[in-house]
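# Structure assessment
Letter by letter, the chains look like this.
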Amino acid sequence: MPSDPPGRNFADAVERLAGVPVLVVGDVMLDHYLAGDAERISPEAPIPVVRVASEKHLLGGAGNVARNIAALGGKPELVSVIGADDPGSVLQELLSKEGLPGHLVVEKRRMTTIKTRIIARNQQMLRVDREESRELEGGSLDALDGLLRSVARRHGVVVVSDYGKGVVCAKLMDTLRGLEAEGGKAPLILVDPKTVNASLYAHADLLTPNAKEAGELAGVKASGRDGVIKAGLAIFKRLRCRQLCITLGAEGMAVFERPGRVLHVPTVARNVYDVTGAGDTVMAVLAMALGAGYDLPRASVLANYAAGIVVGQVGAAVASPEALREAIRSVEPPRVETWLDIE
């Protein structure tokens, strides 16, 4: 156990995160928000009628991970695939507007994923998805592979943001595992997994499933302390990953430094209005913190601080450096508990 608890000594955390380069690879999507008020029930069906007062578009999926990294002063570089359609054009415009370096392969026969969320009085009423999950192939896959190889040397940390839309595939993961950053050192590979692609993640440096995904990956229910530990150990056995972080929603995170050492990091969230994008925030901060030299327990506490900020806002929000400093300063550090410690 470290000499001081992993929940403390973050006075310079925001400064340490600033400037950390992170390569983000995976499924980018367009988040579309329609917000207004619902004051009556439709005469056509027993559903509320939302009168739209505002509309906005945001980077979603892997794009939201990159957005979170940039918001906290990191240096993300995004590699993904879009369709030759209007949502794809909007995504390119958003990247340009936010000053995010992005390399997007345009596939003419692919539909850009767009998720439309209808919100009334700060509550999500409905989500409508338009998407395609066909795996990449041919020229598009070759173009993506070439992009990865051309930008990889600039990064010591790679985030694989897998939403199951076809970008993350065997060839992509094989390429990532064979990459070398500057100096000949292989980058850390962090994966936000999708159960359907479980076999692709073997030997990743860190997996970050939620409890439901962990249960599916392990083939056991990840419920309660014993269930989460059992699921985590099964994932280590199946995928041979180096470390594991299972997010538990309101219960925080189970942090597996190795199969024999598991810590529980409780949540620091004070108000929860919307969990949209919280997983992207967690992954973004984990990547930056590990890239800045923090160990996994401390990186997880920092990620919890940031997630506690974004779930207190509606929509896919991001944590600013100022908000993170204030959270660290004003919120009592979580009491990190050892769940398992054996050789």
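Residue positions are given per chain, counted from 1 along the sequence in the order it is written. Per-residue local features are limited, in this predicted model, to residues with pLDDT of at least 70; the limit for side-chain atom pairs, both in listing and counting, is 80 or more; totals at the level of whole chains, interfaces and linings are taken over all residues. With hydrogens and water excluded, all non-hydrogen atoms of the structure serve as input to the side-chain values.

## Here we look at helix H5 (residues 170-177)
- Turning to H5, its buried residues are Leu172, Met173, Thr175 and Leu176. Axial view of H5: buried residues confined to an arc of 160 degrees, hence all on one face.
- The contact definition used throughout considers only heavy atoms, calling two residues in contact when any of these lie within 4.5 Å. Secondary structure follows DSSP: runs of H or I at least 4 residues long count as helices, runs of E at least 2 residues long count as strands, and numbering of each begins at the N terminus. Where H5 is buried, its residues contact strand E1 (21-26), helix H4 (138-151), strand E8 (157-161) and strand E9 (188-192). Burial status follows relative accessibility: with a 1.4 Å probe on protein chains alone, a residue under 20% of its type maximum counts as buried, one over 50% as exposed, and anything between as partly exposed. Throughout, the arc means that of the directions going from the helix axis to the C-beta atoms.

## Side note on the pairing of strand E13 (residues 261-265)
- The element E13 is largely enclosed, with a buried count of five among its five residues.
- Because side chains alternate across E13, one face comprises the buried residues Arg261, Leu263 and Val265, and the other comprises Val262 and His264, equally buried.
- Sheet analysis places strand E12 (residues 253-258) next to E13, joined by five bridges and oriented antiparallel. Among the inter-strand pairings, Phe256 is bridged to a residue of E13, identified as Val262.
- The pairing criterion is simple: DSSP has to find at least two bridges between the two strands. Between the antiparallel neighbours E12 and E13 lie two residues.
- Inspection of the sheet shows E13 paired to strand E14 (residues 337-341) by four bridges, in the antiparallel sense. Bridging across to E14, Val262 finds its partner in Leu340.

## A few points about the nonpolar core
- In plain words, nonpolar cores are sets of buried Ala, Val, Leu, Ile, Met, Phe, Trp, Tyr and Cys residues tied together by side-chain atoms within 4.5 Å. Ranked by size, the top nonpolar core spans 62 residues in total, and within it Phe10, Val22, Val24, Leu302, Tyr305 and Leu324 carry the most contacts.
- Ranked by size, the runner-up nonpolar core spans 46 residues in total, among them Val151, Leu179, Ile189 and Leu340.

## A word on the sheet that holds strand E6 (residues 114-120)
- Here we have four strands laid out as an open sheet, ordered E3-E2-E6-E7, and mixed in their pairing. On the outer flanks of this sheet lie strand E3 (48-61) and strand E7 (123-130), each paired with one strand and no other. If you compare each strand with its neighbour and ignore which way they point, the axes differ by 20 degrees on average.
- Of the pairings in the sheet, the one linking E6 to E7 comprises seven bridges and is antiparallel in character. Only the contacting stretch of a helix is used when fitting its axis, a line to C-alpha atoms as for every element, and angles between N-to-C directions run 0 to 180 degrees.

## A word on empty space enclosed by the protein
- Residues are called lining when one of their atoms sits within 4 Å of a cavity or pocket point, these points coming from a 1 Å grid over the protein atoms alone, where a cavity is a set in which a 1.4 Å probe fits but cannot get out and a pocket is an open set with protein on both sides within 12 Å along at least five of seven lines. Grid points are joined across faces, edges and corners, and a volume is the space filled by probe spheres set on the points. The full count for this structure, using the stated rule, is one cavity of 30 Å³ or more.
- Estimated volume of the largest cavity: approximately 70 Å³.
- For the largest cavity, the full set of lining residues is Asp27, Val28, Val81, Arg110, Met111, Thr112, Thr113, Glu132, Lys165 and Val167.

## Some thoughts on the packing of aromatic side chains
- Centre distance within 6.5 Å is the pairing criterion for rings of Phe, Tyr and Trp, where only the six-membered ring of Trp is used; planes under 30 degrees apart are then read as stacked, over 60 as edge-to-face, and the remainder as tilted. A full pass over the atoms with the stated rule returns three aromatic pairs.
- Judged by centre distance (5.9 Å) and plane angle (55 degrees), the rings of Phe236 and Phe256 are tilted. One end of the pair, Phe236, is in helix H7 (residues 224-239); the other, Phe256, is in strand E12, with 20 residues separating them in the sequence. For the pair Phe236 and Phe256, a shared accessibility class is recorded, and that class is buried.
- For the cation-ring pair, Arg16 lies above Tyr294, with the distance from its terminal atom to the ring centre recorded as 3.9 Å. Sitting over a ring, as applied to charges here, requires NZ of Lys or CZ of Arg to be within 6 Å of the ring centre and within 35 degrees of the ring normal.

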